[in-house]
Amino acid sequence: MDTLRASWLGRIADAADEQALEGARLGALGKKGEVSLMMRELGKMTPEQRQQAGPALNALKDELNSALAARRAALSDAALAERLRTEWLDVSLAPRPRAMGTIHPVSQVTEEVAAIFADMGFGVAEGPQIESDWYNFDALNMPSHHSARAEMDTFYMARGEGDDRAPHVLRTHTSPVQIRTLQDRGAPIRIIAPGRVYRSDFDQTHTPMFHQVEGLAIDRDISMANLKWVLEEFFAAFFEVEGVETRFRASHFPFTEPSAEVDIRCSWKDGTLKVGEGDGWLEVLGSGMVHPKVLAAAGIDPNEWQGFAFGMGIDRIAMLKYGIPDLRAFFDADLRWLRHYGFAALDVPTMRGGLSA
Ligand code: 2NL
């Protein structure tokens, strides 16, 4: 009985898995198990023999059952421990970087400009980039054979043979947006018109598409004094300085009379621009009082209404404000330019196939 006990306890203790353990249970306590068969022998024994063997076999059965339960629990603990060891997720693993875009400096500057003019009561007007030559030129006092029209390097839309629709162009300025808005809404009006404009010109300082913002204020007694105040307010806010002195130089545009080119006071110190101080002047925009013919073309009575208009390049003032010396920063696919000028949270390997260079 002792060898029997030791042998089965040993098999149970050594069972490497659930299957081996079940084998041991059946071998000892199953229907034809060794211990079960011995219990069946009890019936054939004398009462004295039975009295001795009965309790011993029952005790053995209980002990084996306990050992089986203990071993089963141990195996299941080990199985759980093994799963915990192998089935894990490292939640501290850094995530794969995701490509994050940032606002383009030209878009940012456009928003800055719109916000500053909004504070002075100017709304934002938008319009088509493909314009009829009437809106782009005629309405602006540039008739068909006007020299300024030829000088504009205009992109003309192709026309098929027999197509006699009015000639259309890629707008060369955002003035047509102002004409349309004036026609739709009438006077008084205060708007700016930012957007893309196109001229067939491409060199170090020109791209065939660039960005312009024009402004227009029409009321009963708007003067160039109002223009000067609005522009000085704008430049101080835009360049984030206390005040900016402007200098008006007589000029000529077909759509304004009188016309002025406007410079702002600035200095250049060790290659960096400081606006609002110093003894230099920087040309920043063209402006003037809206020509009576332009008002009339937009359906506004020039005897009742008058006002100023101006136009400036957004790319240019973006470069000045953020110290970007090269137009390629805006147009080159090489994002190093944008990153260099602080505009790119782009140091992400998945961005545009990589910034490795
Ligand atoms: C420049 C000059 C200018 C305007 C644009 C304008 C618009 C209307 C009527 C009259 Cl609807 N004028 N725009 C006026 C003066 C100058 O732009 O050098 N821009 C970069």
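Here the structure is shown first, and the text comes after it.
This one's a predicted model, so the numbers in the text were calculated from it and none came from an experiment. (Residues numbered from 1 in each chain as written. Predicted model: local features only at pLDDT ≥ 70, side-chain atom pairs only at ≥ 80, totals over all residues. Heavy atoms only, no water.)

**Student:** Quick rundown of the overall build of the chain? Include the residues and the values.
**Tutor:** Across its full length, the chain carries 13 helices and 10 strands. Reported as C-alpha extents along the three principal axes, the dimensions of the chain are approximately 140 × 60 × 40 Å. Taken across its 357 residues, the chain has 39% of its residues classed as buried. Summed over all atoms, the accessible surface of the chain reaches about 20,400 Å², with 52% contributed by carbon and sulfur. The positive charge centre, built from 38 side chains, and the negative charge centre, built from 51, are 11 Å apart in the chain. (Helix = DSSP H or I, 4+ residues; strand = E, 2+ residues; numbered from the N terminus. Buried < 20%, exposed > 50% of the residue type's maximum accessible area, 1.4 Å probe, protein only. Areas by Shrake-Rupley, 256 points an atom, 1.4 Å probe, with all protein chains shown as cover. Lys, Arg positive; Asp, Glu negative; His and termini not counted. Charge placed at Lys NZ, Arg CZ, Asp CG, Glu CD.)

**Student:** An account of unusual backbone geometry is needed here, citing residue identities and associated values.
**Tutor:** Apart from glycine, the bulk of residues carry a negative phi angle, and the bulk of peptide bonds sit in the trans form. The step from Ala 187 to Pro 188 runs through a cis peptide bond, and the omega angle for that step is 0°. With respect to the helices and strands, Pro 188 occurs in the loop between helix H8 (175-185) and strand S4 (189-198). A cis amide bond, omega -5°, links Glu 257 with the succeeding residue Pro 258. For Pro 258, the location among the structural elements is in strand S7 (residues 256-269). One non-glycine residue, Asn 141, adopts positive backbone phi at about 65°. Within the chain, Glu 240 stands out as a residue other than glycine whose phi angle is a positive 55°. Summarising the element assignment, Glu 240 is placed in the loop between helix H9 (224-238) and strand S6 (246-253). Here Glu 240 falls in the exposed class, since its relative accessible area comes to 63%.

**Student:** Which residues make up helix H2 (residues 18-29), and what values do they have?
**Tutor:** Helix length check: H2 (12 residues) gives 16 Å between terminal C-alpha atoms against 16 Å at 1.5 Å per residue, within 8%. Among all positions of H2, only Leu 21, Ala 24, Ala 28 and Leu 29 are buried. Here the buried residues of H2 occupy an arc of 95° about the axis, which is enough to place them on one side. Along its buried surface, H2 packs onto helix H1 (2-14), helix H3 (34-41) and helix H4 (47-86). (Expected span 1.5 Å × (residues − 1). Arc of directions from axis to C-beta. Contact = heavy atoms within 4.5 Å.)

**Student:** Account for the site of the ligand, naming residues and giving values.
**Tutor:** Neighbouring the ligand are 17 residues; Glu 214, Phe 255, Gly 286, Ala 309 and Gly 311 lie closest to it. Take Glu 214: an N or O atom from its side chain is 2.9 Å from a nitrogen atom of the ligand. In the environment of the ligand, a nitrogen atom lies 3.1 Å from a nitrogen or oxygen atom belonging to the backbone of Gly 311. In the complex, 86% of the free accessible area of the ligand, which totals 480 Å², lies under the protein chains. Contributing elements (two or more residues each) for the shell around the ligand: H8, strand S5 (209-219), strand S9 (280-290) and strand S10 (306-313). (Near = heavy atom within 4 Å. Polar contact = N/O pair within 3.5 Å; in protein donor to acceptor, adjacent residues only side chain to side chain.)

**Student:** Please provide a residue-by-residue account of the pairing of S6, values included.
**Tutor:** By the bridge criterion, 7 bridges tie S6 to S7 in an arrangement that is antiparallel. Pairing of Ser 251 across the sheet is with Ser 259, part of S7. Connecting S6 to the antiparallel partner S7 that follows it, the hairpin turn spans 2 residues. (Pairing = 2+ DSSP bridges.)

**Student:** Account for the pattern of salt bridges, with residues named and values stated.
**Tutor:** A complete count under the given rule lists 20 salt bridges for this structure. Between Glu 131 and Arg 180 there is a salt bridge; the shortest N-O distance is 2.7 Å. Note that Glu 131 is positioned in strand S2 (residues 130-132) and Arg 180 in helix H8, a separation of 49 residues in sequence. Judged by its relative accessible area of 0%, Glu 131 falls in the buried class. Residues participating in the shared-partner salt-bridge network are Arg 247, Arg 249, Glu 261, Asp 263 and Glu 283. (Salt bridge = Lys/Arg side-chain N within 4 Å of Asp/Glu carboxyl O.)

**Student:** Describe the packing of aromatic side chains, with residues and values.
**Tutor:** Within a pair of aromatic rings, the relevant descriptors are the distance that separates the centres and the angle that separates the planes. Inspection of the entire model under this criterion finds 10 aromatic pairs. Aromatic side chains Phe 238 and Phe 239 sit 4.9 Å apart centroid to centroid with 85° between the ring planes, which places their arrangement in the edge-to-face category. On the basis of relative accessibility, which here comes to 11%, the residue Phe 239 falls in the buried class. Feature note: the residues Phe 117, Phe 122, Phe 234, Phe 235, Phe 238, Phe 239, Phe 308 and Phe 310 constitute an aromatic cluster, connected by ring pairs. Taking the ring centre of Trp 305 as reference, the NZ or CZ of Arg 220 above it sits at 4.3 Å. The aromatic ring of Phe 238 is capped on one face by Lys 321, whose charged end is 4.6 Å from the ring centroid. (Phe/Tyr/Trp six-rings, centres within 6.5 Å; stacked < 30°, edge-to-face > 60°. Lys NZ or Arg CZ within 6 Å of the ring centre and 35° of its normal.)

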